[in-house]
Amino acid sequence: ASVRGSWTNTNAFLPRTGTVAFVGTTTNVVANGASNFYNLTFNGAGGVWSFATASLTIENDFTIATGTVTMPTATTTIAGSFLNTGGTFAHNNATVRFTSASSELITLSGTVFTNAFYNALFSGSGSWSFVGPHATTTNAFTITQGTVTLPTSTLAIGGVFAQTGGSFAHNN
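Only a predicted model underlies this, so the values are computations on that prediction, with no experimental measurement involved. Per chain, residue numbering runs from 1 following the sequence as it is written. Under the rules for a predicted model, residues below a pLDDT of 70 receive no local features and side-chain atom pairs below 80 are neither given nor counted, while totals for whole chains, interfaces and linings still include all residues. Computation of side-chain values covers all heavy atoms of the structure but excludes hydrogens and water.

Engineer: Quick question: what am I supposed to make of the pairing of strand β15 (residues 134–143) here?
Structural biologist: Taken residue by residue, a regular strand's side chains alternate between the two faces of the sheet. Only protein chains enter the accessibility calculation, which uses a 1.4 Å probe; a residue whose area is less than 20% of its type maximum is buried, one above 50% is exposed, and one in between is partly exposed. A run of H or I in DSSP becomes a helix once it reaches four residues, and a run of E becomes a strand once it reaches two; helices and strands are each numbered from the N terminus. When you tally the buried positions in β15, you get seven out of ten residues, the bulk of the element. Two strands qualify as a pair provided that DSSP identifies no fewer than 2 bridges between them. Here β15 runs beside strand β18 (residues 161–163); their pairing, made up of three bridges, is parallel. Within the sheet, the bridge partner assigned to I143 lies in β18 and is Q163.

So, in structure tokens, the structure goes:
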């Protein structure tokens, strides 16, 4: 489904295995209530999106192709890939939690200082590979489970790197 404006869910939305694509070119708000998305895509040149709810769960892939997305204020849980291939995202001092049991990709377009996570938490049994040379967290980078393959050039962490489980592989 393509959405050109804001999204307000006051009941129950069943995502099944589809994609909700926000394609608007203006400022919009996503109020998902307590419902999850399966695939969530932002692809509207000049579009600006923010979330009215503090937390968000995506059962598969999260994609920012164009536009600007301000993340929720608490935790965004992603069970698939995080693909920022051309847009901008603001971390909103929140956590992005990766929970996949499969092999996934993380793409952060921009430089080492743009499109940064605040907290990145890897807590699924799967594996994640950073695509591209840079990744940044302005606060914490935590691995509790799974395997994380780091970017090819720079991983900048503004706070704490913690590994209480799982593993990581440098990518040189």
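Engineer: I keep staring at the environment of T27 and nothing clicks. Help me out?
Structural biologist: By the element assignment, T27 lies in strand β4 (residues 27–31). Distance from T27 to V3, taken between C-alpha atoms, is 12 Å for residues 24 residues apart in sequence.

Engineer: Looking at this model, I keep getting lost on the side chain of E104. Mind explaining?
Structural biologist: The topology assignment puts E104 in strand β12 (residues 103–108). Charge counting treats Lys and Arg as positive and Asp and Glu as negative, with His and both chain ends excluded. A pairing counts as a salt bridge when a side-chain nitrogen of Lys or Arg comes within 4 Å of a carboxyl oxygen of Asp or Glu. The buried charged residue E104 lacks any salt bridge partner; its closest oppositely charged side chain belongs to R97, at an N-O distance of 14 Å. The contact criterion used throughout is that any non-hydrogen atoms of two residues lie within 4.5 Å. If near-sequence neighbours (up to four positions away) are discounted, E104 is found in contact with D61, A79, G80, S81, S127, W128 and S129.

Engineer: Just to check I follow, could you spell out unusual backbone geometry for this structure?
Structural biologist: In this structure, N92 is a non-glycine residue whose phi angle is positive, near 60°. Relative to the helices and strands, N92 is located in the loop between β10 (88–90) and β11 (95–98). Phi is positive for N93, close to 55°, though the residue is something other than glycine. Here N93 is to be found in the loop between β10 and β11.

Engineer: How should the nonpolar core be read in this particular structure?
Structural biologist: The tendency in soluble globular proteins is for nonpolar side chains to be buried as a group. By size, the foremost hydrophobic cluster in this structure holds 33 residues, and its most contacted members are L40, F42, F62, F82, F117 and F122. With four residues, strand β5 (residues 39–51) is the largest single contributor of residues to this core. Throughout this description, the term nonpolar core refers to a set of buried Ala, Val, Leu, Ile, Met, Phe, Trp, Tyr and Cys residues connected via side-chain atoms within 4.5 Å.

Engineer: Explain the environment of G126 to me, please; I cannot follow it from the model alone.
Structural biologist: Within the element layout of this structure, G126 appears in the loop between β13 (117–122) and β14 (127–131). Under the relative-accessibility criterion, G126 is labelled buried at 7%. C-alpha separation for the pair G126 and S153, spaced 27 residues apart in sequence, amounts to 23 Å. Residues contacting G126, with those up to four places away along its chain left out, are S100, A101, S102, G146 and T147.

Engineer: Help me out: how do you make sense of the packing of aromatic side chains in this one?
Structural biologist: Two rings belonging to Phe, Tyr or Trp (six-membered ring only in the last case) form a pair when the distance between their centres is within 6.5 Å. Interplanar angles under 30 degrees mark stacking, angles over 60 mark edge-to-face geometry, and anything in between is tilted. This model, assessed by the stated rule, comprises 21 aromatic pairs. When the ring of F89 is compared with that of F117, the centres are 5.7 Å apart and the planes differ by 45°; the resulting orientation is tilted. Of this pair, F89 sits in strand β10 while F117 sits in strand β13, and the two are 28 residues apart along the sequence.

Engineer: When you look at the environment of T144 in this model, what are you seeing that I'm missing?
Structural biologist: Here T144 shows up in the loop between β15 and β16 (147–149). T144 sits in the partly exposed class, given a relative accessible area of 33%. Setting aside residues up to four positions removed in sequence, T144 forms contacts with L121, F122, S123, T164, G165 and G166.

Geometry only, nothing functional implied.
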